[in-house]
Number of protein chains: 2
Amino acid sequence: MKGKLAAAMRNLGLCVALAGLTACASGPMDVSGTTPGPLSIASEGSFFIGGHDVHSDTLSTVPNYATSGTVTVGQVYVSYQVPTHARPLSLTLIHGCCLTGKTWETTPDGRMGWDEYFVRHGFPTYVIDQADRGRSATDIETINAVKEGKAPVTALPALFAASHEAAWAIFRFGPQYPQRFPGEQFPLDSQSGLWQQMVPDWIASLPTPNPTVPALSQLAAKLRNTVLISHSQAGIYPFQAAALSPNGIAAIVALEPAECPSATGDLTPYTKIPILVLFGDYIDQSPRWAPRLNACRAFADAAVRAGGHVQLVLLPDVGIHGNTHMMMQDRNSLDVANWVLHWIDTHVTAAAS
Amino acid sequence: MKGKLAAAMRNLGLCVALAGLTACASGPMDVSGTTPGPLSIASEGSFFIGGHDVHSDTLSTVPNYATSGTVTVGQVYVSYQVPTHARPLSLTLIHGCCLTGKTWETTPDGRMGWDEYFVRHGFPTYVIDQADRGRSATDIETINAVKEGKAPVTALPALFAASHEAAWAIFRFGPQYPQRFPGEQFPLDSQSGLWQQMVPDWIASLPTPNPTVPALSQLAAKLRNTVLISHSQAGIYPFQAAALSPNGIAAIVALEPAECPSATGDLTPYTKIPILVLFGDYIDQSPRWAPRLNACRAFADAAVRAGGHVQLVLLPDVGIHGNTHMMMQDRNSLDVANWVLHWIDTHVTAAAS
């Protein structure tokens, strides 16, 4: 009972003298163990950003459902938790290829996800499903049109599902399936929990810009003061959103972005906000990631020369080793989270208020 | 500050004498207002149930992603929250047609969803995305096979997206779009928030039984003591899961099931657990729902004659009026939730322990 009361008071940031209560902690909770104390939530829920209505005559190839009518497509699902005594800065988590917002939740081996960890550190935390992924609706009109003979086979959307074997190398568990890099930190004994969370990817069939980009811009404007934390495929989206408008974007943290802005393009949008580009381990052993790191380094160097506050960091260079592309699920995921939080605390103005 | 401390203590079920603290409540929180107190969470997260690995040679029609390899399909996403001082009985929420687990979250007009409301009432609450929906992966192999000329157009999956206009009548906002039933309770001023949450439905292309059924059976066995609360299309799944095994299923609450078990089939599985079948208003004015109600009534009568504890209730008959098919999002959604919770409290044994 005392422990629970103390935990509740820590959540509340209180330190009250109670008869018989010998200790009363303040400051961040220690949530690195397996049994953290209660999580105190001020508000939680979900909503959508964006989307537009379209009329279609190929909505259904199933009896009892009308083929003609209006549907809404292109919207982006957002779920959130705001802790009690929240900081004035929020975090927005944007998953990558072939995945959904599940990326940031409980790890495949059952440990706390970054979403909860960030909330426990006082940040209102927003998690999206990219447009046409997860709880953000896909658009099936063309598939139905082809099935009904109203459109040619070539009109079918270009889709892909990343195989376990392909993802193994892309996620840098090792050079190729099923070889492991020595010291890699992904919980491969629980790999089935990762394969279960992978979903087909419709990105190659979406309009330009990807509807996720304007949705992120709208979301940042709504949240007023949020750090856009992207992963992999989504890496370029926060930059593109910042190019639309800096409104509400407090910083960008790009975790192993598949693409950085061009080093030779207009860098003005990226000189106004703190930017961290973070890579894990084994990059030089990956034909997919080594050139991407180089391109991001060129961008970071150019943005710094243009007056920006852009930092590119490899985790091994700050003493954190063995990280795969899925660093938010690696066994040392909370070490990485702590490093990111420290960067935010020291580089993003609002975080200190 | 006092208010927050009192709220925290209510969450903890504590009543401690503190200097200067004049009141210390116990019992259920009043969360009917717009600003409920903090929500105290003991644990939260997500996981998957089920799924199986398949080898495919048509995983991708996008460059840079391998066409051959292994993917996992048929799994079911589950997210959960367990409050502090949780009851020994959990609730599992199973959404219906053209929707995802978002069904139970924040309503289109921004009010608290049933998911959070149930947690605030002490129930560990589990929310699923049906197989091939939301964060549970779809299987796109056949679409890619057709696009590559390896399968005929007729092999394309049968898919449908419910239009706003069709959903209007199916959800009983009125007899037909855009007419309203007098006194209907759906927040139609915020209807765009409902259209944003609708997703394409792959159910007609899935194996039999729907993979959601064995997943629910596995989930109930894992949770040991859970009430399966279904909506609409998902209505038959908990019954089918109970027919597989009663293990872990404490009760079934079917909200406007599209289908009940046959009144002339084997009713044995349904005589072992308390069952509530609940319908809203305007049923007799709906050509879609009136016959479904009749079939469910025949099932309920037959199951009672067979010795079962099965109750079929129309909300207007218990004094709750104006409810559409989307009763968990109607303006009086928490009145309906309270009625369901009272039924559980009085009919499900473990709820009283």
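About the cut-offs
- Residues numbered from 1 in each chain as written.
- Chains lettered and ligands numbered in written order.
- Predicted model: local features only at pLDDT ≥ 70, side-chain atom pairs only at ≥ 80, totals over all residues.
- Heavy atoms only, no water.
- Helix = DSSP H or I, 4+ residues; strand = E, 2+ residues; numbered from the N terminus.
- Polar contact = N/O pair within 3.5 Å; in protein donor to acceptor, adjacent residues only side chain to side chain.
- Contact = heavy atoms within 4.5 Å.
- Salt bridge = Lys/Arg side-chain N within 4 Å of Asp/Glu carboxyl O.
- Buried < 20%, exposed > 50% of the residue type's maximum accessible area, 1.4 Å probe, protein only.
- Least-squares fit on C-alpha atoms with pLDDT ≥ 70 in both.
- Axes fitted to C-alpha atoms, helices over the stretch in contact; angles between N-to-C directions.
- Left-handed = near helix turned anticlockwise from the far one by under 90°.
- Nonpolar A, V, L, I, M, F, W, Y, C, P; charged D, E, K, R; others polar.
- Buried area = accessible area lost by both parts, 1.4 Å probe.

Looking up chain A in an unreviewed UniProt entry gives the name Esterase, with the organism given as Paraburkholderia rhizosphaerae.

**Q** What exactly am I supposed to notice about the side chain of H325 of chain A here?
**A** All names here are of chain A. Tracing the sequence through the fold places H325 in the loop between β8 (310-314) and α9 (333-347). At a separation of 2.5 Å, a polar atom in the side chain of H325 contacts the side chain of E256. Setting aside its immediate chain neighbours within four residues, H325 contacts I170, F171, R172, H231, S232, E256 and W289.

**Q** So what exactly am I meant to see when it comes to the pattern of salt bridges here?
**A** Two side chains bearing opposite charge may form a pair once their charged atoms approach each other closely. Applying the stated criterion across every chain yields a total of 20 salt bridges over all chains. Note that E184 of chain A is salt-bridged to R180 of chain A, the shortest N-O span being 3.8 Å. Relative accessible area serves as the criterion here: at 47%, R180 of chain A is assigned to the partly exposed category. Between R180 of chain A and D189 of chain A there is a salt bridge, and its shortest N-O distance comes to 3.9 Å. We classify D189 of chain A as exposed; its relative accessible area is 77%. Via salt bridges that share partners, E105 and D129 of chain A together with R135 of chain B belong to a single interconnected network.

**Q** So what exactly am I meant to see when it comes to the relation of the copies chain B and chain A here?
**A** A rotation about an axis combined with a shift along that same axis relates the two copies of the chain. Each copy of the sequence occupies a distinct position, and chain B is placed on chain A by a rotation of 180° and an axial shift of 0.0 Å, giving an RMSD of 0.0 Å. What the rotation and shift describe, once combined, is the action of a two-fold rotation axis. Rotation axis and chain B: the residue whose C-alpha lies nearest the axis is G134 of chain B, separated from it by 2.1 Å.

**Q** Would you mind showing me how to read helix α7 (residues 236-244) of chain A here?
**A** Count 3.6 residues to each turn of an α-helix, and residues three or four apart come out pointing the same way. All of the buried residues in α7 of chain A are I236, Y237, P238, F239, A241 and A242 of chain A. At its buried positions, α7 of chain A is contacted by β3 (90-94), α6 (212-223), β5 (226-231), β6 (249-255), β7 (275-279) and α8 (289-305) of chain A.

**Q** Could you clarify how one ought to interpret the packing of α6 of chain A against α7 of chain A in this entry?
**A** A pair of packed helices can be characterised by two numbers: the angle between their axes and the separation between those axes. Residues and elements named next belong to chain A. In contact at an axis separation of 8 Å, α6 and α7 are set at 65° when each is read in the N-to-C sense. Relative to α7, α6 is oriented so that their crossing is right-handed. Residue-level inspection shows T212, V213, P214, L216 and S217 of α6 in contact with α7, the latter providing Y237, P238, Q240, A241 and L244. Of the residues belonging to the contact of α6 with α7, the class tally is seven nonpolar, three polar and no charged.

**Q** How should the interface of chain B and chain A be read in this particular structure?
**A** Reports often express the size of an interface as the amount of accessible area lost when the parts come together. Taken together, the contact between chain B and chain A spans 82 residues of the former and 81 residues of the latter. Summed over both partners, the interface of chain B with chain A buries about 6,500 Å², with 59% contributed by carbon and sulfur atoms. Joining chain B to chain A, the criterion identifies four salt bridges. Linking chain B with chain A are 38 residue pairs in polar contact (both at pLDDT 80 or more). For the side of chain B that touches chain A, the element with the most residues is strand β1 (residues 39-49) of chain B, which contributes 10 residues.

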